[in-house]
Amino acid sequence: MVRKHQPGIVATSPSGWTGDSASDDGPSVPSGAIRTGLVEKVFTVDGTWGYNSGATAMGYVTAMDILVNCWVRNMTAMVNVGPDRHGTVSDARAGLLRRIGTFMASCGRSVYGIRGGP
């Protein structure tokens, strides 16, 4: 049904049906073999997929551990953050995203357009 309305869409498989990519959701650090095909890692820096005022932001080292282990295993990565009902992202979460952005600004050439592997 989705492709009928949007033929070029890329779909994931969060509900158990077959999508265009395999998914690895959650805060675990990817390990094991280099992935073949399209595999995406999706994780949240909040510990929850939506806004939670009591949640603490993931540390920079943990976030980068997940990201780097995705990249060397040929996985794409999507980082989620849950803003509050006004669309505001907390200072701690925004700071983490800025640090990741700073890394990408200075080292992005080593990430974008590459393939994982030895």
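Residues numbered from 1 in each chain as written. Predicted model: local features only at pLDDT ≥ 70, side-chain atom pairs only at ≥ 80, totals over all residues. Heavy atoms only, no water.

Here we take up the overall build of the protein chain. Looking only at helices and strands, the protein chain has three helices and three strands in total. Starting at the N terminus, the α and β elements of the protein chain follow one another as α-β-β-α-β-α. Taking the principal axes of its C-alpha atoms as reference, the protein chain extends roughly 40 × 40 × 25 Å. Every one of the 118 residues in the protein chain was classed for burial, and the buried ones make up 30%. In the protein chain, the share of contacts with a sequence separation of at least 24, taken over all contacts with a separation of at least 6, comes to 57%. Of the roughly 7600 Å² of accessible surface on the protein chain, 56% is carried by carbon and sulfur atoms. For the protein chain, the distance from the average position of its 11 positive side-chain charges to the average position of its 8 negative side-chain charges is 5 Å. (Helix = DSSP H or I, 4+ residues; strand = E, 2+ residues; numbered from the N terminus. Buried < 20%, exposed > 50% of the residue type's maximum accessible area, 1.4 Å probe, protein only. Contact = heavy atoms within 4.5 Å. Areas by Shrake-Rupley, 256 points an atom, 1.4 Å probe, with all protein chains shown as cover. Lys, Arg positive; Asp, Glu negative; His and termini not counted. Charge placed at Lys NZ, Arg CZ, Asp CG, Glu CD.)

Counted by the stated rule, this structure contains one aromatic pair. Ring centres of Trp71 and Phe103 lie 6.1 Å apart, and the angle between their planes is 5°; this geometry places the pair in the stacked category. Within this pair, whereas Trp71 is found in helix H2 (residues 60–71), its partner Phe103 is found in helix H3 (residues 91–107), the two being separated by 32 residues in sequence. Residue classification places Trp71 among the buried positions, given a relative accessible area of 16%. In this structure, Arg99 packs its charged tip against the face of Tyr60, placed 3.9 Å from the ring centre. (Phe/Tyr/Trp six-rings, centres within 6.5 Å; stacked < 30°, edge-to-face > 60°. Lys NZ or Arg CZ within 6 Å of the ring centre and 35° of its normal.)

As a further point, take the layout of surface pockets. Of the pockets and cavities examined, the largest pocket occupies roughly 350 Å³. Of the residues that constitute the lining of the largest pocket, the class distribution is 13 nonpolar, four polar and one charged. (1 Å grid on protein atoms, 1.4 Å probe; cavity = no way out; pocket = protein on both sides within 12 Å on 5 of 7 lines; lining within 4 Å. Points joined across faces, edges and corners; volume = space filled by probe spheres on them. Nonpolar A, V, L, I, M, F, W, Y, C, P; charged D, E, K, R; others polar.)

Next up on the list: the sheet that holds strand E1 (residues 22–25). Read from one edge of the open sheet, three strands run E1-E2-E3, paired in parallel fashion. At either end of the open sheet lies a strand with only one pairing partner, and these are E1 and strand E3 (76–80). With direction set aside, neighbouring strand axes in the sheet form an average angle of 20°. When E1 meets strand E2 (residues 39–44), the two strands line up parallel, connected through four bridges. Bridging from a neighbouring strand, Ser23 pairs with Glu40 of E2. (Pairing = 2+ DSSP bridges. Axes fitted to C-alpha atoms, helices over the stretch in contact; angles between N-to-C directions.)

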